[in-house]
Every structure is written in structure tokens, then in C-alpha cells.
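# Geometric and topological summary
Listed below are the residues making up each chain.
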Amino acid sequence: MVSGVRLGQIAVFIAVGLFNTGAYFLIANGLHLIVGLTETFSAFAAYVALVPLSFVGHRKLTFASNGLVVGELAKFCVVQATNVLVIWATTYLAHKGFFSGWQTFAVISVLIPALNFLTFQAWVFAQRVTS
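On a predicted model such as this, the values are computed, not experimentally measured, just so you know.

### Considerations on the overall build of the protein chain
Along the protein chain, the regular secondary structure elements total five helices and zero strands. Order of helices (α) and strands (β) in the protein chain, N terminus to C terminus: α-α-α-α-α. Reported as C-alpha extents along the three principal axes, the dimensions of the protein chain are approximately 50 × 35 × 25 Å. Across the 131 residues of the protein chain, 27% fall into the buried class. In the protein chain, once contacts between residues fewer than 6 apart in sequence are set aside, the share between residues at least 24 apart is 65%. When the accessible surface of the protein chain is totalled, it reaches about 8400 Å², and 76% of it is carbon and sulfur.

Take a look at the structure:
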């Protein structure tokens, strides 16, 4: 059974993720439609631009961490690089015929948040500094 505290943490994780997703959508489209960058460059630029906001949101709101910022940020960036590899691998498999378009995005949309929550909790924000 999941505790009320854990459910609250999951709800905040989802809220931070939804905020970042909305910001990503707006920034990527703005870079593409207004600035004129390619879809690929716009997608990756928006993703990278939001890493600090995502880090702060999850560090402060989701996990209320008081660990060392430098170490947590480094770990967070490793997770984000892994996410990019997951996206690449999933789209590669889609191009090879393992998934259709909607299945590709469904796998990415479920796999990355699930892995992020577990990895953030167990590794990125696991250290606690006691006062």
C-alpha cells in the first residue's frame, strides 16, 4: 500500500512534470515557428533549456532535498542524458518496425517518467544533509 506522503510526492512529481512538459511544448514551438530553427534543434534546445527548471522543481518541490546541489545536479544531468538515449533508442526501434508512431510516444511517455521518479528518489535526491 502506498502511504499518503508517497501519494503526495507522486502528485507533486506529476505536477512538476506537467509544468515542464507545457513549457517544453511552448519553447520548442516558439523556437521552430518564431525563430525558424529546425524541429530537431528546437526539440533538443528546449529540452536542454528546461533541465535547470526541472532540477529545481523536483529538488525543492517533489523531494524537498537539502543535499549538496553540485552532486545532485551532476546526477540529474546523467539521468537527463540517459533520457535522451532512451528517446533515441525507442525512436530507432520504431524506425526498425518494432513500434508504430503512437506506440513510440507511449513507450517514451511512460518509461521516462517512471524511470525518473525511481532514479531521482533512489539516487539523485537520496542523500540528506542533517542539521
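### Regarding unusual backbone geometry
As a rule of thumb, non-glycine residues mostly have phi less than zero, and peptide bonds are mostly trans rather than cis. At Ala64, a residue that is not glycine, the phi angle is positive and equals roughly 40°. The residue Ala64 is located in the loop between helix H3 (51-62) and helix H4 (69-95) in this model. Owing to a relative accessible area of 56%, Ala64 belongs among the exposed residues under this scheme.

### Quick word on the nonpolar core
With ten residues, the main nonpolar core is built from Phe13, Val51, Phe55, Phe63, Phe76, Val79, Phe117, Phe120, Val124 and Phe125. Of all the secondary-structure elements, those providing two or more residues to this core are H3, H4 and helix H5 (101-124). If we skip the residues at most four places from it in the chain, Phe55 touches Val69, Glu72, Leu73, Phe76 and Phe125.

### Considerations on the packing of H3 against H4
Direction vectors running N to C along H3 and H4 enclose 120°, while the axes themselves pass 11 Å from each other. In terms of axis orientation, H3 runs oblique to H4. As H3 packs across H4, the resulting crossing turns out to be right-handed. On H4, the residues that touch Val51, Ser54, Phe55, His58 and Arg59 of H3 are Val69, Glu72, Leu73, Phe76, Cys77 and Gln80. In the contact of H3 with H4, the residues fall into six nonpolar, three polar and two charged.

### A short note on the pattern of salt bridges
Scanning all chains against the criterion turns up one salt bridge. The residue Arg59 makes a salt bridge to Glu72 at a minimum N-O spacing of 2.6 Å. A residue pair is termed long-range when its members are at least 10 positions apart, and Arg59 in helix H3 and Glu72 in helix H4 qualify at 13 residues. For the pair formed by Arg59 and Glu72, the shared burial category is buried.

### Here we look at the side chain of Ser42
In this structure, Ser42 sits in helix H2 (residues 39-49). A relative accessible area of 1% places Ser42 in the buried class. At a separation of 3.3 Å, a polar atom in the side chain of Ser42 contacts the main-chain amide nitrogen of His32.

Procedures and definitions
- Residues numbered from 1 in each chain as written.
- Predicted model: local features only at pLDDT ≥ 70, side-chain atom pairs only at ≥ 80, totals over all residues.
- Heavy atoms only, no water.
- Helix = DSSP H or I, 4+ residues; strand = E, 2+ residues; numbered from the N terminus.
- Buried < 20%, exposed > 50% of the residue type's maximum accessible area, 1.4 Å probe, protein only.
- Contact = heavy atoms within 4.5 Å.
- Areas by Shrake-Rupley, 256 points an atom, 1.4 Å probe, with all protein chains shown as cover.
- Core = buried A, V, L, I, M, F, W, Y, C linked by side-chain atoms within 4.5 Å.
- Axes fitted to C-alpha atoms, helices over the stretch in contact; angles between N-to-C directions.
- Parallel < 35°, antiparallel > 145°, perpendicular 65-115°, else oblique.
- Left-handed = near helix turned anticlockwise from the far one by under 90°.
- Nonpolar A, V, L, I, M, F, W, Y, C, P; charged D, E, K, R; others polar.
- Salt bridge = Lys/Arg side-chain N within 4 Å of Asp/Glu carboxyl O.
- Polar contact = N/O pair within 3.5 Å; in protein donor to acceptor, adjacent residues only side chain to side chain.

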